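Coordinate inspection notes
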Amino acid sequence: MTQNTDLNQALFERAKGVIPGGVNSPVRAFNAVGGTPRFVKRAQGAYFWDTNDQQFVDYIGSWGPMILGHGHPEVVAAVQAAVLEGFSFGAPTEREVVLAEKIRELVPSMEMVRMVSSGTEAGMSALRLARGYTGRSKIIKFNGCYHGHADSLLVKAGSGLATFGSSSSAGVPADVVKDTIVLEYNDVAQLEEAFAKMGSEIACVIMEPIAGNMNFVRASVEFTRRIRELTKEHGALMIYDEVMTGFRVALGCAQSLYAKEIEGFEPDITVMGKVIGGGMPMAAFGGRREIMEKLSPLGPVYQAGTLSGNPIATACGLKTLELISRPGFHAELHLKTGHLMQGLKAEADEAGIPFSIDWQGGLFGFYLLPELPKTYHEVMKTDGAMFNKFFHGMLERGHYFAPALYEAGFVSMAHSEQDIDRTVEAAREVFKTL
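Residues numbered from 1 in each chain as written. Predicted model: local features only at pLDDT ≥ 70, side-chain atom pairs only at ≥ 80, totals over all residues. Heavy atoms only, no water.

- If you check an unreviewed UniProt entry, the protein chain appears there as Glutamate-1-semialdehyde 2,1-aminomutase from Comamonas kerstersii.
- According to the UniProt record, the Cofactor (unreviewed entry) comment for the protein chain is "pyridoxal 5'-phosphate". (UniProt positions renumbered as here; feature names shortened; annotations may be inferred.)

Structure (structure tokens):
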């Protein structure tokens, strides 16, 4: 099947003349999979249309926010009403108070909430707060987890605990990352060794409950439990990055799922984004009152933002949270996502293609591997060339998955059973070609 990409190609060439790489976020450039990115013209429900007016079933959903699908009429109405009242004030509004109260109601560990405009900003601010609260400098993150592009988080692992990580981006001085310790995800023994050697120096551990930039890797219950135990024992904070999982995997977020397995489980600080803005630039971080009160203007940890708590973004996010709070929403979404994953798995098995799957709520991942990986190194064993063929085969047939091997995917409530069945049918054809 040949696809006309002429208009996308022309626009891409034009974009490269004024935007580095032709895109405003690197994964959009299709460098990982090759070919020409699709420039989106419009979107509705479970679909978007590119500049050639070709329709695609959308399985990235703006990388997570569009849990209701694109252009939900009630969300659109809420945004339109907010626009008429003003775009931005640089002053507090009632709606940001209501949104913070709604977040606290759904996620009780977030006793106080500070709103910002992006997940990167939320993660960066949470780290500063943890360091300010504890008076310590060192932080632990995990290989393969992504918490935004703040300097101290753009770090790749050293050769072991004796060597600290080094910058994974030009422009980040070595001194900035010298206090960032990078450990293996799901490696309990390494975690315990790190705290045994330097526990009194560690300000915090930042982790994703499901690592969505390794595609989809769950933190084991034992790994999560030990992070919580060790941080409490050594006076460090546990930062739970729910930018991707927040309100997408469950109404109480991923922490509510782990609380069922770990008695009394609560992180100290939670980082939020994506779904809480419903597609608008909106993120937040929050936690125990005694920690959050260290933030300016109450405390010495400075953080500010002109567009924080933007009145249009809060209207969009508040209506989104209201709609996903209805009884049974996430159970139904989980079944939809399972329908897709199990369908793809059945077709891969039939074609003799190694294929492993996992999903929770509206978040999913699949690997061209016989078993689900648990660490970054296991993820890296995936057959990249085969994935690229799968991606382009699905794209040609009008089904848009993440244009990178190591990104999670997203199902919305707007995806119908028929949409998913058509995707599985297209995968049947593609698997035969691999």
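**Things to note about the layout of surface pockets**
- Approximately 790 Å³ is the volume attributed to the second largest pocket.
- In terms of lining residues, the second largest pocket is bounded by 32 residues, among which E96, A100, V113, R114 and M115 are the most central.
- Of all elements in the fold, only α3 (94–106), β4 (112–116) and α9 (289–292) reach the threshold of two or more residues within the lining of the second largest pocket.
- When residues in the lining of the second largest pocket are grouped by element, the largest group, 5 residues, is from α3. (1 Å grid on protein atoms, 1.4 Å probe; cavity = no way out; pocket = protein on both sides within 12 Å on 5 of 7 lines; lining within 4 Å. Points joined across faces, edges and corners; volume = space filled by probe spheres on them. Helix = DSSP H or I, 4+ residues; strand = E, 2+ residues; numbered from the N terminus.)

**What about empty space enclosed by the protein?**
- A complete count under the given rule lists 3 cavities of 30 Å³ or more for this structure.
- Reported here for the largest cavity is a volume of approximately 60 Å³.
- The wall of the largest cavity is formed by Y59, N215, F364, F366, F387, F401, A402, A404, L405, E407, A408 and G409.
- When the residues that make up the lining of the largest cavity are grouped by side-chain class, the tally is 9 nonpolar, 2 polar and 1 charged.
- When its volume is computed, the second largest cavity comes out at roughly 50 Å³.
- Contributing to the lining of the second largest cavity are 13 residues, with D58, G61, M66, S412 and H415 lying nearest its centre. (Nonpolar A, V, L, I, M, F, W, Y, C, P; charged D, E, K, R; others polar.)

**Section: the packing of helix α6 (residues 188–198) against helix α7 (residues 221–234)**
- At a closest axis distance of 10 Å, the pairing of α6 and α7 adopts a crossing angle of 5 degrees. With respect to their mutual orientation, α6 and α7 come out roughly parallel. Contact residues: V188, L191, E192 and F195 in α6; E222, F223, R226, I227, L230, T231 and H234 in α7.
- Each residue belonging to the contact of α6 with α7 can be placed in one class, and the counts come to 6 nonpolar, 2 polar and 3 charged. (Axes fitted to C-alpha atoms, helices over the stretch in contact; angles between N-to-C directions. Parallel < 35°, antiparallel > 145°, perpendicular 65-115°, else oblique. Contact = heavy atoms within 4.5 Å.)

**Thoughts on the domain arrangement of the protein chain**
- Considered domain by domain, the protein chain is made up of domain 1 (7–71 + 327–432) and domain 2 (73–325).
- Look at where the C-alpha atoms of domain 1 and domain 2 centre, and you get two points 25 Å apart.
- Between domain 1 and domain 2, the residue contacts involve 33 residues of the former and 32 residues of the latter.
- Surface buried jointly by domain 1 and domain 2 totals about 2,700 Å² across both partners, of which 57% is contributed by carbon and sulfur atoms.
- It is H330, Q360 and Y376 in domain 1 that bury the most area against domain 2; as a group they hold 21% of the surface buried on that side.
- Summed over the shared surface of domain 1 and domain 2, the result is 1 salt bridge.
- Between R218 and D358 there is a salt bridge; the shortest N-O distance is 2.7 Å.
- When contributions to the side of domain 1 that touches domain 2 are tallied by element, the ones reaching two or more residues are α11 (329–351), β15 (356–360), β16 (363–367) and α12 (376–379).
- Its residues assigned to classes, the side of domain 1 that touches domain 2 comprises 21 nonpolar, 9 polar and 3 charged. (Domains from an automatic or database assignment. Buried area = accessible area lost by both parts, 1.4 Å probe. Salt bridge = Lys/Arg side-chain N within 4 Å of Asp/Glu carboxyl O.)

**Some remarks on the pattern of salt bridges**
- Under the counting rule described, the total for this entry stands at 21 salt bridges.
- Its salt-bridge partner being R288, residue E290 comes within 3.5 Å of it at the nearest N-O pair.
- Of the residues examined, E290 reaches a relative accessible area of 45% and is grouped as partly exposed.
- By relative accessible area, R288 is classed as partly exposed at 26%.
- Here R422 and D419 are joined by a salt bridge, their closest N and O atoms 3.1 Å apart. Here R422 and its partner D419 are both found in helix α14 (residues 417–431), 3 residues apart, which amounts to about one turn of the helix.
- Owing to a relative accessible area of 37%, R422 belongs among the partly exposed residues under this scheme. (Buried < 20%, exposed > 50% of the residue type's maximum accessible area, 1.4 Å probe, protein only.)

**With respect to the pairing of β16**
- Among the 5 residues that make up β16, 5 are buried, leaving the element largely enclosed by the rest of the structure.
- Of the two faces of β16, the one carrying L363, G365 and Y367 and the one carrying F364 and F366 are both buried.
- With 5 bridges joining them, β15 and β16 adopt antiparallel strand pairing. From the neighbouring strand, W359 faces β16, where its bridge partner is F364.
- Connecting the antiparallel pair β15 and β16 is a turn made up of 2 residues, with G361 showing a positive phi of about 60 degrees.
- Summarising the sheet, β16 and strand β18 (residues 409–410) pair through 2 bridges and their orientation is antiparallel. Bridge pairing links L363 to F410 in β18. (Pairing = 2+ DSSP bridges.)

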